[in-house]
Amino acid sequence: YFKAEINLRISGKNFYAVSEKDDLYAAIDEVKDEIVQAITTEKDKSMTLYRRGALRVKNLLKGLGDYRKRFKK
């Protein structure tokens, strides 16, 4: 058996993947796919969080604009 491991630290977050296969290259391919999936998932999560925060700020600013219009009349 061949064992392939990847342990990365990116932007303060740890990513780890391990694979054991009969073929060395199959183990490397599988561990690569696992680590790419983990990094992509984390990136999507953080972008979603960023977008939700930005949307909340945008709606807050829209609400303030409406508030100012009410008192302008």
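Presented here is an overview of the structure given in this document.

Reading the values: rules and limits
Residues numbered from 1 in each chain as written. Predicted model: local features only at pLDDT ≥ 70, side-chain atom pairs only at ≥ 80, totals over all residues. Heavy atoms only, no water. Pairing = 2+ DSSP bridges. Helix = DSSP H or I, 4+ residues; strand = E, 2+ residues; numbered from the N terminus. Salt bridge = Lys/Arg side-chain N within 4 Å of Asp/Glu carboxyl O. Buried < 20%, exposed > 50% of the residue type's maximum accessible area, 1.4 Å probe, protein only.

### Some details on the pairing of strand β1 (residues 2–10)
Looking at chain direction, β1 and strand β2 (residues 13–21) are connected through 9 bridges and run antiparallel. Each bridged residue has a counterpart across the sheet, and for Leu 8 the counterpart in β2 is Phe 15. Counting the residues that bridge the hairpin from β1 to β2 gives 2 residues, and of these Ser 11 lies at a positive phi of roughly 50°.

### Details of the pattern of salt bridges
For the structure shown, the criterion picks out 4 salt bridges. Ionic pairing is found between Glu 5 and Lys 3, a salt bridge with its closest N-O pair at 3.8 Å. The exposed category is assigned to Lys 3, whose relative accessible area is 51%. Note that Lys 13 and Glu 42 form a salt bridge whose closest N and O atoms lie 3.2 Å from each other.

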